[in-house]
Amino acid sequence: MQRKTAAAVVLDLFVVQLALLILSSYYYGVRVLILALIAAGTCLALDAACLHLRHRPIRAAHLDAVNTGLTLTLMMSASVRYDTLIITCFAAIIIGKALFGGRANLLFPPAAVGYTFSILAFGSELLQFPQPGTALSLGNQIDAACTISASAQFNTNRMINLTDKLLLGAFPGPMGTGCILLLTVGAVILIARRSVSISTLVSFLAQYLLVCIVTGADSAYGMKLLGCNMTLFGAMFLISDQRIAPKSLGGILYGTLAGILTLYLTTITDIEYAVVITAVLLSPLAQFLRTQSWQLEYARRRQLYRRRRREQEVEQHGD
């Protein structure tokens, strides 16, 4: 199978993110597109400046900075201030990426670092959301009425009915993280195109399926688990980031642990951005597993080889 280029992965992620942005602009207007342009432009410019300072050439793969900017935009409230978003982009690229040596040496997903920084600095602003369909002005400061997210409501009352709203993401919350229908299609596309860590994403989602089976929960509850708290979105763009996630057996272990930790933080501590915290906490483990993945794969192949040899010996003695 031909190895997929980093530039092709960047393009696939961009297409899915663009679809989410278009839906978000339908709910919140042109301001969403302005936020996306600001974030993508800021991240790309900062990344280019860092590469220039390190005397490194700019390649197509470095357009992943655009993906970082769009990921941050989709995780934000539509009413977020422009300067807040720019500061978030600075944290993502400078602290989350350049500080560790750039794209090839990431320790954390840059978007997760930027969002965590902003939550600590501007928490109240990031967790207030306008209702979908609200006409938002294009100014830096939004005067529209905001409320807590549907995720916060779900964390307080697990029986709240959100099924119809979750399908199309028509509820207060981060702009592009709640449309289960579009996110599911995007996940299938990214898996089919091999643009995410498949073993990690499938293992992560398997934990949610297992919880629903064990508890006897219906599909509506499963949708709320994945659609609220940025869970499915974060699994796709943070946890399963190929720059971070290990391959094969390491990816399965990482995805399983990430799913368990996210479930714990969501259901026990009621954190709305649990998947972001998980991405930050477990990324060092992912990097360790990346370095050990070849050993795990070698052990698996060696065990398979020994089994086949035993089967052949049994057949020979039988003859």
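Figured I'd write up the structure that's included with this text.

So, how was this worked out
Residues numbered from 1 in each chain as written. Predicted model: local features only at pLDDT ≥ 70, side-chain atom pairs only at ≥ 80, totals over all residues. Heavy atoms only, no water. Core = buried A, V, L, I, M, F, W, Y, C linked by side-chain atoms within 4.5 Å. Buried < 20%, exposed > 50% of the residue type's maximum accessible area, 1.4 Å probe, protein only. Contact = heavy atoms within 4.5 Å. Salt bridge = Lys/Arg side-chain N within 4 Å of Asp/Glu carboxyl O. Helix = DSSP H or I, 4+ residues; strand = E, 2+ residues; numbered from the N terminus. Axes fitted to C-alpha atoms, helices over the stretch in contact; angles between N-to-C directions. Parallel < 35°, antiparallel > 145°, perpendicular 65-115°, else oblique. Left-handed = near helix turned anticlockwise from the far one by under 90°. Nonpolar A, V, L, I, M, F, W, Y, C, P; charged D, E, K, R; others polar. Expected span 1.5 Å × (residues − 1). Phe/Tyr/Trp six-rings, centres within 6.5 Å; stacked < 30°, edge-to-face > 60°. Polar contact = N/O pair within 3.5 Å; in protein donor to acceptor, adjacent residues only side chain to side chain. Patch = residues over 30% accessible without salt bridge, like charges linked within 9 Å, V, L, I, M, F, W, Y side chains within 5 Å. Areas by Shrake-Rupley, 256 points an atom, 1.4 Å probe, with all protein chains shown as cover. Lys, Arg positive; Asp, Glu negative; His and termini not counted. Charge placed at Lys NZ, Arg CZ, Asp CG, Glu CD.

## Quick word on the nonpolar core
One recurring pattern in soluble globular proteins is that nonpolar side chains are buried together. In this structure, Tyr115, Met236, Phe237, Tyr254 and Val276 are the most contacted members of the largest nonpolar core, which totals 74 residues. Ignoring sequence-local partners within four residues, the contact set of Val276 consists of Met75, Ala112, Tyr115, Thr116, Met230 and Leu238.

## Notes on the pattern of salt bridges
Across all of its chains, the model carries seven salt bridges by this definition. Between Asp64 and Arg103 there is a salt bridge, with its nearest N and O atoms 3.0 Å apart. With a gap of 39 residues between them, Asp64 in helix α3 (residues 64–75) and Arg103 in the loop between α4 (82–95) and α5 (110–126) connect regions that are remote in the sequence. Overall, Asp64 belongs to the buried group, its relative accessible area being 2%. Note that Asp83 is salt-bridged to Arg81, the shortest N-O span being 2.8 Å.

## Re the packing of α3 against α4
Remark: α3 packs on α4, axes separated minimally by 10 Å, with the N-to-C direction vectors making an angle of 135°. What the angle tells us is that α3 and α4 run oblique. Considering the relative orientation of α3 and α4, their crossing is right-handed. Contacts between α3 and α4 involve Ala65, Thr68, Leu72 and Thr73 on the former and, on the latter, Leu85, Thr88, Cys89, Ala92 and Ile93. A per-class count over the contact of α3 with α4 returns six nonpolar, three polar and no charged.

## Some remarks on α4
With 14 residues, α4 ought to run about 20 Å at 1.5 Å a step, and its terminal C-alpha atoms sit 20 Å apart, in line with that. Listing the buried residues of α4 in full gives Tyr82, Thr84, Leu85, Thr88, Cys89, Ala91, Ala92 and Ile93. Summarising the contacts, the buried residues of α4 are in contact with α2 (31–53), α3 and α5.

## Some remarks on the packing of aromatic side chains
Here the distance between the centres and the angle between the planes together describe a pair of aromatic rings. Enumeration over the complete set of coordinates arrives at six aromatic pairs. Taken together, a centroid distance of 6.5 Å and an interplanar angle of 70° make the contact between Tyr27 and Tyr28 edge-to-face. The burial state of Tyr27 is the same as that of Tyr28; both residues are buried. Following the ring pairs from residue to residue traces out a cluster consisting of Tyr26, Tyr27 and Tyr28.

## Considering the side chain of Ser77
Secondary-structure assignment places Ser77 in the loop between α3 and α4. From its side chain, Ser77 meets the backbone oxygen of Gln128 in a polar contact 2.9 Å long.

## Considering a positive patch on the surface
A cluster of basic residues, Arg302, Arg306, Arg307 and Arg310, forms a positive patch on the protein surface. Along the polypeptide, Arg310 turns up in helix α13 (residues 274–318).

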